[in-house]
Amino acid sequence: MATMVYHKRPNFIQNLLVSTQGARIRRKRYTHHTWEVFDFLKNSQFWTQAQFESFQAERLIRLVRHAIKHSPYYAGLYASRMLSEKDIKTVSDIKKFPIVSKEEFRENNESIVSTHIVRKRMWAAFTSGTSGVPLKAFFSHENMQDRIAFLERLYHWYSPGKWRKRASFTGKLIVDPEDSSGTFHRYNYCINQQLYSSHHLSENNLARYVKDLTKFAPDQIDGIASAIYVVADYMLRNGQAGQLKPNVVIPTSETIWPHIRERLEKAFGCKMANQYGSQEGAPIAYECPAGGFHISPESGIFEILRTDNSSCKPGEPGRMVVTSFSSEGTPLIRYDIGDVASWRSGTCSCGRHMPMLETIEGRLDDMFFTTERGIVPRIDSAFKGLPSVIIATQIAQVGQDSFEVRIVPQKNGYYPKYADSIVDHLYDYLGASVDIKLKVVEGISRTRGGKLPAMVNEYHDQDMKIDALSSWNIVK
Ligand SMILES: [Zn+2]
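A short tour of the structure in this document, coming up. Fair warning: this is a prediction, and the values are worked out from it, not measured in the lab.

Quick word on the pairing of strand β12 (residues 300–305)
Now for step 1: Burial analysis of β12 places six of its six residues in the buried class, the great majority of the element.
Now for step 2: Two strands pair when backbone bridges link them, and β12 and strand β13 (residues 318–324) are joined in this way by six bridges, in the antiparallel orientation. What sits directly across from F302, in β13, is V322.

Shown next as structure tokens:
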């Protein structure tokens, strides 16, 4: 339905339309298959490492066989190297297969897609690349249901039972951007989910958000991290911390920095669970109640590699290369997804042997590159001790060695000296030779998907990135 027409309807009709749409989505996402996979995952989460490995080898064989049969790109690629599923005996044999870069994925986007299902009968996801050319990935209905089953396992770790009350912050225009009447959510009756708009979070509207959230009393808050953060920050500033009592906050889409986590957990009085996934259909990782950021080995294979493609040791950051078992529509086999991560050694007190990640540093696309320092993946410490009168910040790379710090202060109580400490810290991270300009702005614009990235690279010099990558100079 056209968004314009939807926005002209009264709220209760909009709720009905959201629920009708929700019913359709629920029928497709929550099927017998979904719950079957979910039951399987409830059991497999306590497997030994050997069990995971034998499962992965078997699924890898199946995936490679599928790709050769149905994806013209992989068929050609593997034929030219005389590779087939027969070359796989154990998971480590994956190393015999070539890595597919993001550029190769983009250039061959059409011929990667499997031909055995009509595209109209699959789910399509689009992800924007740095060049601005969107990448397409298709998922069969079963692939999508697999992903839902994995997410349900995460939700169950924190709130057992079906259909917990979810408050979800969405980037979709569920409420007319011009609407300031005061109701910034719509209810999806079918999965007991209150959807909150990420496009109305102005200071004037926040009291209403908190009031409505308190009334709804969600078991789980999820969705766009920066939107949830704006609400959390408002609650902290207004002495409302702990007013809501969800079991967990599960942000999506953006890199979560420690100071964001700290404030989210304080505002909502519960744990924040990080998760990792991607539009292209990467395998899944998420955080358990004991704090382990576990990958789901049943969803695929994660590799963390150095520039020479050897494997990184625990704690050593490297490029994440992924293989996804639920990628029948657009097979992902050794796909260099453009994220940087590192392994964590040891065992988790939750008792699961699912391997753990230390961190996901973020997307290479969102990282900064300077002549002096190379890649600068994280600069979160620059925000430490930020006074609460600064509502939002964003750092943008705008030129080869030039940066812009955008800050949104509260109307009263802000002094320019507050921002000086951020700029000073930034020189420590970016090197003394860069140029940093401070800009006080009224608001920071969200991307079309509703994201509010704290670090944004608006310069995008591919050559420089490749240079930086080859020198692999990670700033810690
Ligand atoms: Zn754990």
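Considering the sheet that holds strand β21 (residues 455–457)
Now for step 1: If you trace the four strands from one edge of the open sheet to the other, you get β20-β19-β18-β21, paired in mixed fashion. Single-partner strands in this sheet number two, and they are β20 (435–440) and β21. Between one strand axis and the next, the sheet turns through 20 degrees on average, direction left out of account.
Now for step 2: Helix α12 (residues 417–430) rests against β18 (390–399), β19 (402–409) and β20 of the sheet, and its axis sits at about 155 degrees to β20.

Thoughts on the nonpolar core
Now for step 1: Membership of the largest hydrophobic core comes to 62 residues, with the highest contact counts inside it found for Y74, Y78, L154, Y276, F302, M320 and L357.
Now for step 2: Looking at this core, you find at least three residues from each of domain 1 (10–30 + 145–273) and domain 2 (45–119 + 129–139 + 280–364).
Now for step 3: Not counting residues up to four positions away in its chain, the partners in contact with Y78 are V64, I68, L83, F97, P98 and I333.
Now for step 4: Among the nonpolar cores identified, the runner-up in size contains 31 residues, and F216, V230, L244 and C270 belong to it.

Here we look at the coordination of the zinc ion
Now for step 1: Protein ligation of the zinc ion involves C288 (SG), H294 (NE2), C348 (SG) and C350 (SG), the donor distances falling in the range 2.1 to 2.3 Å.
Now for step 2: Considering all four donor atoms around the zinc ion, angles at the metal cover 106 to 119 degrees and the coordination shape is tetrahedral.
Now for step 3: We note that the donor set of the zinc ion lies within a single chain, spaced as C-x5-H-x53-C-x1-C. With C288 in the loop between β10 (285–287) and β11 (293–295) and C348 in the loop between β14 (335–344) and β15 (356–363), this residue pair connects regions lying 60 residues apart in the sequence.

Points about the packing of helix α4 (residues 49–70) against helix α5 (residues 72–80)
Now for step 1: Their axes nearest at 6 Å, the elements α4 and α5 cross at an angle of 105 degrees. Regarding the angle of α4 to α5, the classification is roughly perpendicular. Contacts between α4 and α5 involve V64, A67, I68 and H70 on the former and, on the latter, P72, Y74, A75 and Y78.
Now for step 2: Here the contact of α4 with α5 is composed, by residue class, of seven nonpolar, one polar and no charged.

Considering unusual backbone geometry
Among all residues except glycine, the phi angle is most often negative; among peptide bonds, the trans geometry is most common.
Now for step 1: With a phi close to 55 degrees, M82 is a non-glycine residue in the positive phi region.
Now for step 2: Tracing the chain through its elements places M82 in the loop between α5 and α6 (102–107).
Now for step 3: By relative accessible area, which is 73% here, M82 ends up exposed.

Side note on the pattern of salt bridges
Now for step 1: Going through the model one piece at a time under the given rule, you end up with 21 salt bridges.
Now for step 2: The partner of E203 in a salt bridge is R237, and the shortest N-O contact between them spans 2.9 Å. Taken together, the positions of E203 in the loop between β5 (193–197) and α9 (206–216) and R237 in helix α10 (residues 225–237) put the pair 34 residues apart, joining distant regions of the chain.
Now for step 3: Here K271 makes a salt bridge to E287, at a shortest N to O gap of 2.5 Å. Of this pair, K271 sits in strand β8 (residues 271–272) while E287 sits in strand β10, and the two are 16 residues apart along the sequence.
Now for step 4: One network of salt bridges, with partners in common, ties together E203, D233, R237 and R263.

A word on the layout of surface pockets
Now for step 1: There is about 720 Å³ of room inside the second largest pocket.
Now for step 2: It is β12 that provides the largest number of residues to the lining of the second largest pocket, a total of five residues.
Now for step 3: Split by residue class, the lining of the second largest pocket holds 16 nonpolar, nine polar and five charged.

Focus: the side chain of S326
Now for step 1: On the secondary structure map, S326 appears in the loop between β13 and β14.
Now for step 2: In this structure, S326 is in contact with F139, N143, D146 and S299, ignoring residues within four places of it in sequence.

Concerning the packing of aromatic side chains
Now for step 1: Overall, the coordinates contain 20 aromatic pairs when judged by the stated rule.
Now for step 2: Taking 6.4 Å as the distance between ring centres and 75 degrees as the angle between the ring planes, the aromatic pair formed by F55 and F325 counts as edge-to-face. Of the two residues, F55 is situated in helix α4 and F325 in the loop between β13 and β14; the sequence distance between them amounts to 270 residues. F325 carries the same exposure label as F55, and that label is buried.

What counts and how
Just so you know, the residues in each chain are numbered from 1, in the order the chain's sequence is written. Whole-chain, interface and lining totals are the exception, using all residues; otherwise, since this is a predicted model, local features are given only for residues with pLDDT of at least 70 and side-chain atom pairs are given and counted only at 80 or more. Excluded from the side-chain calculation are hydrogens and water; included are all heavy atoms of the structure. The cut-offs for exposure are 20% and 50% of the maximum accessible area for each residue type, with area from a 1.4 Å probe on protein chains only; residues under the lower value are buried, those over the upper are exposed, and the others partly exposed. Note on conventions: DSSP H or I runs of at least 4 residues are helices, E runs of at least 2 residues are strands, and numbering of each starts at the N terminus. For two strands to be treated as a pair, DSSP must find at least two bridges joining them. Throughout, an axis means a line fitted to C-alpha atoms (over the contacting stretch in the case of helices), and angles, computed between N-to-C directions, take values from 0 to 180 degrees. Here a residue-residue contact requires only that any non-hydrogen atoms of the pair lie within 4.5 Å. In these notes, a set of buried Ala, Val, Leu, Ile, Met, Phe, Trp, Tyr and Cys residues joined through side-chain atoms within 4.5 Å is what counts as a nonpolar core. Here the limits of each domain have been adopted from an automatic or database domain assignment. Donor atoms are limited to N, O and S found within 2.8 Å of the metal ion, a distance that becomes 3.2 Å for Na, K and Ca. With water left out, some sites might look partial. The rule is simple: four donors are tetrahedral if all their angles sit between 85 and 135 degrees, four are square planar and six octahedral if opposite donors span more than 155 degrees and the others lie between 65 and 115, and anything that fits none of that is irregular. Comment on the angle field: the value is read as roughly parallel under 35 degrees, roughly antiparallel over 145, roughly perpendicular from 65 to 115, and oblique elsewhere. Throughout, the ten residues Ala, Val, Leu, Ile, Met, Phe, Trp, Tyr, Cys and Pro are labelled nonpolar, Asp, Glu, Lys and Arg are labelled charged, and all others, Gly among them, are labelled polar. Within this document, salt bridges are pairs made up of a side-chain nitrogen of Lys or Arg and a carboxyl oxygen of Asp or Glu, the two lying within 4 Å of each other. Only protein atoms enter the 1 Å grid used here, on which a cavity is any set of points holding a 1.4 Å probe that cannot leave and a pocket is any open set flanked by protein within 12 Å on both sides along at least five of seven lines; residues with an atom within 4 Å of a point are listed as lining. Grid points are joined across faces, edges and corners, and a volume is the space filled by probe spheres set on the points. In summary, the pairing rule links any two rings of Phe, Tyr or Trp, Trp by its six-membered ring, whose centres are within 6.5 Å, and it sorts them by plane angle into stacked for under 30 degrees, edge-to-face for over 60 and tilted for everything else.

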